[in-house]
Amino acid sequence: MSCVLALDQGTTSSRALVFDATGSVRATAQQEFRQIFPEPGWVEHDATEIWATQAGVMREAIAKAGIAAREIAAIGITNQRETSVLWERDTGRPMANAIVWQDRRTAPICDALRAAGHADTFRRKTGLVLDAYFSGTKLKWLLDRIPGARERARRGELAFGTIDSWLVWNLTQGRVHATDPSNASRTLMFDIHRGAWDDELCALLDVPREVLPAIVPTSGVCGTTTIDGVEVPIAGIAGDQQAALFGQACHAPGLAKNTYGTGCFMLLNTGTRAVASGNNLLTTVAWTRAGGTDYALEGSVFIAGAVVQWLRDGLKILRSAHEVEALAASVPDNGGVYLVPAFAGLGAPHWDAYARGAIFGLTRGATGAHLARAALESIAYQSADVLAAMQKDAGITLAQLRVDGGAAANDLLMQFQADVLGVPVVRPKVLETTALGAAYLAGLAVGYWKDIAEVAANWQVDRTFEPSMPREHVARLLAGWEKAVERSKGWASREPGHR
């Protein structure tokens, strides 16, 4: 067996990567798919398009690598986590478009559950806050609105899943309906302490247990798929952020990473202890392997790299996302401009589903370059908010932050991130850590890699960004950011029928 195949199904594109035993990329293929915005605050994907693009790039990556199916030791899957699909078991046909993790339509459901006094129950069992971000209220919304869906679900005719479940179902031609704890722990229906679906939580959301997938280990064979007549094991499933934590070799408590993708997600490994957050962070399952469960503290920022896409597609001040660094660097500072990218509300540590994007500090002297710089800085500021909460919860001071994701290649952003955090930011040579983590989890399950020490040895530093900005200047910048965030909160109406 010469390689492991990773399927990396993200928010804006489907990707497939082939890795060798050193953790090096042998081949990669990528295809974007449509983003559907039916109403303000709503975000959807066509699940059939997700599967079509993922299947297409899988075959393309195998062809590019020049390998035969028999040379693939295993397949690892990593995915956008909370995006929710409901489909017919008999036909595999989705009942509606997938509701994406960024979607805000279920905020009133969360409000009602909080008003009924259930927030503590959800927090205690799931480690999550009651927010539209998570899958459970999305599933409830679908079951409420599709005629007959809840009864069909009770009869076992429908299947629910996050994107990992949808891919496994299609890869196995409907033989396997499963998810792993890293994804299940993002649904509001999974007890992270018992490692099982919870009847009380399902009842609060009016979700029939029959619709839910089986729970399988993050690292372990759960089924096989046929490629060119060869049965290849599916041996790893992990939500994208947990996969990145594993791929960054953050295998021990106290190690943390930040992934700069569509959103921005900072995770701190807390080992076998599920640390309850007192600062609006999430307690989540990191992974299950070899019979044990590791946990993480997570801070979720909804809009990170997506703000650069907005500059390109919405404002059209960029031709490509790669131009943002040069444009932002063409001015010495932000010129007093702050951009709060609350396009999908605010995530950790604010959790305001009714916040909206805002720009402050505009003057006649403000330019597109200042806006580009403010956009990049907003990514770093949001991460600084999360790290401050994380250090309070865990009672530690981080020695370094490991970074990955597309925007981690932006030197200006990484230096500014180190400056505002006041800790070194370490970028590895392989930035494909999300897909790499999925590959490692799958490869370990089938013996392609011997143990985690072997995969950790593959991790190598590309560059370390040391903090250099005077702390008093950082304090002034953060004070401006805090003021801007406060003014963006609660913008959207909470009243039904008003937007």
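Calculation rules
Residues numbered from 1 in each chain as written. Predicted model: local features only at pLDDT ≥ 70, side-chain atom pairs only at ≥ 80, totals over all residues. Heavy atoms only, no water. Helix = DSSP H or I, 4+ residues; strand = E, 2+ residues; numbered from the N terminus. Rg over C-alpha atoms; globule rule 2.2 N^0.38 Å. Buried < 20%, exposed > 50% of the residue type's maximum accessible area, 1.4 Å probe, protein only. Contact = heavy atoms within 4.5 Å. Pairing = 2+ DSSP bridges. Axes fitted to C-alpha atoms, helices over the stretch in contact; angles between N-to-C directions. Core = buried A, V, L, I, M, F, W, Y, C linked by side-chain atoms within 4.5 Å. Phe/Tyr/Trp six-rings, centres within 6.5 Å; stacked < 30°, edge-to-face > 60°. Lys NZ or Arg CZ within 6 Å of the ring centre and 35° of its normal. Parallel < 35°, antiparallel > 145°, perpendicular 65-115°, else oblique. Left-handed = near helix turned anticlockwise from the far one by under 90°. Nonpolar A, V, L, I, M, F, W, Y, C, P; charged D, E, K, R; others polar.

Undergrad: Can you help me understand the overall build of the protein chain in this one?
TA: Of regular secondary structure, the protein chain possesses 16 helices and 23 strands. In terms of overall size, the protein chain behaves like a compact globule, its C-alpha atoms giving a radius of gyration of 22 Å where 499 residues would be expected to give roughly 23 Å. The principal-axis extent of the C-alpha atoms belonging to the protein chain is close to 60 × 50 × 45 Å. Across the 499 residues in the protein chain, those meeting the buried criterion constitute 61%. Sequence separation of 24 or more characterises 73% of the internal contacts of the protein chain that already satisfy a separation of 6 or more.

Undergrad: Explanation requested: the sheet that holds strand S23 (residues 461-465) in the structure shown.
TA: Strand-to-strand pairing in sheets goes through backbone hydrogen bonds, with the strands running parallel or antiparallel. Judged by pairing direction, the sheet is mixed, and its seven strands sit side by side in the order S17-S18-S16-S15-S21-S22-S23 without closing on themselves. Edge positions in the sheet fall to strand S17 (282-289) and S23, since each has one partner strand and no second. If you compare each strand with its neighbour and ignore which way they point, the axes differ by 30° on average. When strand S15 (residues 256-260) meets strand S21 (residues 401-404), the two strands line up parallel, connected through three bridges. Residue pairing for S21: Thr-259 is matched across the bridge by Asp-404. Docked against the sheet, helix H9 (residues 240-247) engages S15, strand S16 (264-271), S17, strand S18 (292-301) and S21, running at close to 60° with respect to S17. Contacting S15, S21, strand S22 (425-428) and S23, helix H13 (residues 411-421) runs over the sheet at an angle of about 145° to S22.

Undergrad: Even after reading the chapter, I still don't get the nonpolar core, so can you show me in this structure?
TA: Side chains of nonpolar character tend, in soluble globular proteins, to be buried together. Counting 128 residues, the largest nonpolar core has Leu-86, Leu-139, Met-189, Val-211, Leu-212 and Tyr-260 as its most contacted members. The greatest single-element share of this core, amounting to 13 residues, is contributed by helix H12 (residues 368-394). What Tyr-260 contacts, discounting residues up to four positions off in sequence, is Ile-379, Ser-383, Leu-401, Val-403, Asp-404, Gly-405, Gly-406, Ala-407, Ala-408, Leu-413, Met-414 and Gln-417. Counting 38 residues, the second largest nonpolar core, distinct from the first, contains Ile-67, Ile-75, Ile-163 and Leu-167.

Undergrad: Whenever I open this one, the packing of aromatic side chains confuses me. Can you help?
TA: Aromatic rings in a pair are described by how distant their centres are and how their planes are angled relative to each other. Throughout the structure, instances matching the rule amount to 19 aromatic pairs. Both rings, one in Phe-246 and one in Trp-287, keep their centres 4.9 Å apart while their planes meet at 90°; by these two values the pair is edge-to-face. Taken together, the residues Phe-246 in helix H9 and Trp-287 in strand S17 connect sequence positions 41 residues apart. Take Phe-246 and Trp-287: they sit in the same class, and that class is buried. The interplanar angle of 85° and the centroid separation of 4.7 Å between the aromatic rings of Tyr-448 and Trp-449 together place this pair among those described as edge-to-face. For Tyr-448, a relative accessible area of 16% translates into the label buried. Counting every residue linked through ring pairs, the aromatic cluster contains Trp-101, Tyr-133, Phe-134, Phe-265, Phe-302 and Trp-351. We note Arg-81 situated over the ring of Phe-265; from NZ or CZ to the ring centre the distance is 5.3 Å.

Undergrad: Mind showing me how you'd approach the side chain of Ser-135 here?
TA: Note that Ser-135 resides in helix H4 (residues 135-145). Take Ser-135: its relative accessible area is 0%, and that puts it in the buried class. Contacts of Ser-135, omitting those with residues within four sequence positions, involve Arg-81, Glu-82, Ser-84, Phe-160, Thr-162, Arg-186 and Thr-187.

Undergrad: I keep staring at the packing of H12 against H13 and nothing clicks. Help me out?
TA: Describing two packed helices takes the angle between their axes plus the distance from one axis to the other. Contact geometry for H12 and H13: axes closest at 9 Å, N-to-C directions at 40°. Relative to H13, H12 is oriented oblique. Helix-helix and strand crossings are classified by hand; for H12 and H13 the assignment is right-handed. Listed contacts from H13 to Arg-373, Leu-376, Glu-377, Ile-379, Ala-380, Tyr-381, Ser-383, Ala-384 and Leu-387 of H12 are Leu-412, Leu-413, Phe-416, Gln-417, Val-420 and Leu-421. Of the residues contributing to the contact of H12 with H13, the split by class is eleven nonpolar, two polar and two charged.

Undergrad: Is there a simple way to think about the sheet that holds strand S2 (residues 13-19) in this case?
TA: Strand order across the open sheet formed by six strands is S3-S2-S1-S5-S14-S13, with mixed pairing between neighbours. Edge strands, defined here as strands with exactly one partner in the open sheet, are strand S3 (25-32) and strand S13 (219-227). Strand-to-strand, the axes of this sheet are offset by a mean angle of 25°, without reference to chain direction. Bridge count for strand S1 (residues 3-9) against strand S5 (residues 72-79) is six bridges, and the pairing is parallel. Looking at S5, one finds that Gln-9 is bridged to Asn-79. The sheet strands contacting helix H6 (residues 163-171) are S1, S5, S13 and strand S14 (230-239), and the helix crosses S5 at an angle near 145°. Its contacts with the sheet put helix H14 (residues 433-445) on S1, S2, S5, S13 and S14, and the angle it makes with S5 is roughly 135°.

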